[in-house]
Amino acid sequence: MSFPTVVISGTKLAQEIGTTRSEVWRLVQQLRTLGVEITGHPSSGYQLQAIPDLLLPEMLEPLLRGTLFGGNIRHYYRAGSTNTIAMELAGAGEPEGSVFLAEQQTAGRGRSSNQWHSAESTGIYCSVILRPARPPADMLVLSLAAGLAVQSAIREIDPQVLTDLKWPNDLLIRRKKFCGILTEMSAEATRVRHVVVGIGINVNQAGFPAELEQTATSLRMTTGTEWSRVELCAALLKSLDREYRALLADSEAQVEILRRFEEHSSSTRGRQVRIEENGGFEGTTEGLDQRGFLRVRTREGVRIVYSGSVSLK
């Protein structure tokens, strides 16, 4: 990767990694099966032509130096759920800033035990471990900050893509969902042991199963072009690093996150919604309270939505 245009002899490669030419040949064949394009020149050696858009630590770590997330990235070609893996390892002492990425999830999860469709090597399926010195009541704000981080990362790569934040954990494009955030934590009464923030982004999907066609979209379907998942994932983690550091360092950051979330969401104020909670009710949104919960005005007065599905009308 450091010399992508250079033809390098098998002998030279063997010397560099302390092995034989036949082992170099075997490793090259293995890389080819993973989608790495390497041409072989019988008289002179090997030349790297192209690498697949895989979310490998070797690809991401150089882009994340200086952030919380650059030191411990785990990559899986197939996993059940990155959130499940992260929660288990966080409980076993895995350090803050650990990142878990999967090319495909077989049991991806959203809120309320919903399944997250995780097609192979087309989306970003990412979970991170955080250990904020904050009370459990503040963790909704962290989830809202993650939504802002996703929005910022996409804007950094293509400012023409207009995304909309839907409380508490979805991002939409033209009223269709392309990103979901699942925040889970282990906590005591007054302190958080660890938090796992899971982020699923539909990036290069060209279509969806019939049951999702009316509600789901992807960045590729929106723009008509394929996105670099490595570039977007790096932008996402750098943006999340900024949001998280600001939240911990500045006592006013929580107020600012709530203000920005309302500013970048079309549905937190003046929108008719239906809340599927406690039998369900309807009303008009009136912004977020100081903890980040949604305020909805009904015929009986203002109600605070603590959980439940929010349907836009």
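Notes on the structure in this doc start here.

Quick look at the overall build of the protein chain
Then, in step 1: Counting its regular elements, the protein chain contains eight helices and 14 strands.
Then, in step 2: Here the protein chain, with 313 residues, has 48% of them falling under the buried criterion.
Then, in step 3: Pairs at least 24 residues apart make up 61% of the contacts formed inside the protein chain by residues separated by at least 6 positions.
Then, in step 4: For the protein chain, the computed accessible surface area is about 15400 Å², with 50% contributed by carbon and sulfur atoms.
Then, in step 5: The average position of the 35 basic charges and that of the 35 acidic charges among the side chains of the protein chain differ by 2 Å.

A look at the packing of aromatic side chains
Then, in step 1: One pass over the full model with this rule turns up one aromatic pair.
Then, in step 2: One Lys or Arg, arginine 303, reaches over the ring of phenylalanine 281 and ends 3.9 Å from the middle of that ring.

Here we look at the sheet that holds strand S6 (residues 164–166)
Then, in step 1: Reading across from one edge, S3-S4-S5-S9-S8-S7-S6 is the order of the seven strands in this open sheet, with mixed pairing throughout. Pairing within the sheet leaves two strands with one partner each, and these edge strands are strand S3 (73–76) and S6. When strand polarity is set aside, the average angle formed by the axes of neighbouring strands in this sheet is 20°.
Then, in step 2: Alignment of strand S5 (residues 123–130) against strand S9 (residues 192–202), held across eight bridges, turns out to be antiparallel. Its bridge partner being in S9, cysteine 126 is matched across the sheet by isoleucine 199.
Then, in step 3: The strands touched by helix H5 (residues 139–157) within the sheet are S5, S6, strand S7 (170–173), strand S8 (176–187) and S9, with S8 carrying the most contacts at an inclination of about 145°.

Observations concerning helix H2 (residues 21–33)
Then, in step 1: Spanning 13 residues, H2 covers 19 Å between terminal C-alpha atoms, matching the ideal 18 Å at 1.5 Å per step.
Then, in step 2: At the exit of H2 stands glycine 35, carrying a positive phi of roughly 100°.

Focus: the sheet that holds strand S14 (residues 309–312)
Then, in step 1: As summarised here, the arrangement of the five strands in space is S13-S12-S11-S10-S14, forming an open sheet in which the pairing is antiparallel. The open sheet has two edge strands, strand S13 (301–305) and S14, and neither has a second partner. Averaged over neighbouring strand pairs, the angle between their axes works out to 45° when direction is ignored.
Then, in step 2: Two elements, strand S11 (residues 281–288) and strand S12 (residues 294–298), share three bridges in a ladder whose sense is antiparallel. Bridge pairing in S12 links threonine 284 to arginine 297.

Structural notes on the environment of aspartate 241
Then, in step 1: Tracing the backbone shows aspartate 241 in helix H7 (residues 229–249).
Then, in step 2: In sequence terms aspartate 241 and glycine 301 are 60 residues apart; their C-alpha atoms lie 39 Å from each other.
Then, in step 3: With sequence-adjacent residues up to four places away left out, aspartate 241 is seen in contact with Thr67, Leu68 and Phe69.
Then, in step 4: At 2.9 Å, the side chain of aspartate 241 forms a polar contact with the side chain of arginine 245.

Basis of the calculations
- Residues numbered from 1 in each chain as written.
- Predicted model: local features only at pLDDT ≥ 70, side-chain atom pairs only at ≥ 80, totals over all residues.
- Heavy atoms only, no water.
- Helix = DSSP H or I, 4+ residues; strand = E, 2+ residues; numbered from the N terminus.
- Buried < 20%, exposed > 50% of the residue type's maximum accessible area, 1.4 Å probe, protein only.
- Contact = heavy atoms within 4.5 Å.
- Areas by Shrake-Rupley, 256 points an atom, 1.4 Å probe, with all protein chains shown as cover.
- Lys, Arg positive; Asp, Glu negative; His and termini not counted.
- Charge placed at Lys NZ, Arg CZ, Asp CG, Glu CD.
- Phe/Tyr/Trp six-rings, centres within 6.5 Å; stacked < 30°, edge-to-face > 60°.
- Lys NZ or Arg CZ within 6 Å of the ring centre and 35° of its normal.
- Pairing = 2+ DSSP bridges.
- Axes fitted to C-alpha atoms, helices over the stretch in contact; angles between N-to-C directions.
- Expected span 1.5 Å × (residues − 1).
- Polar contact = N/O pair within 3.5 Å; in protein donor to acceptor, adjacent residues only side chain to side chain.

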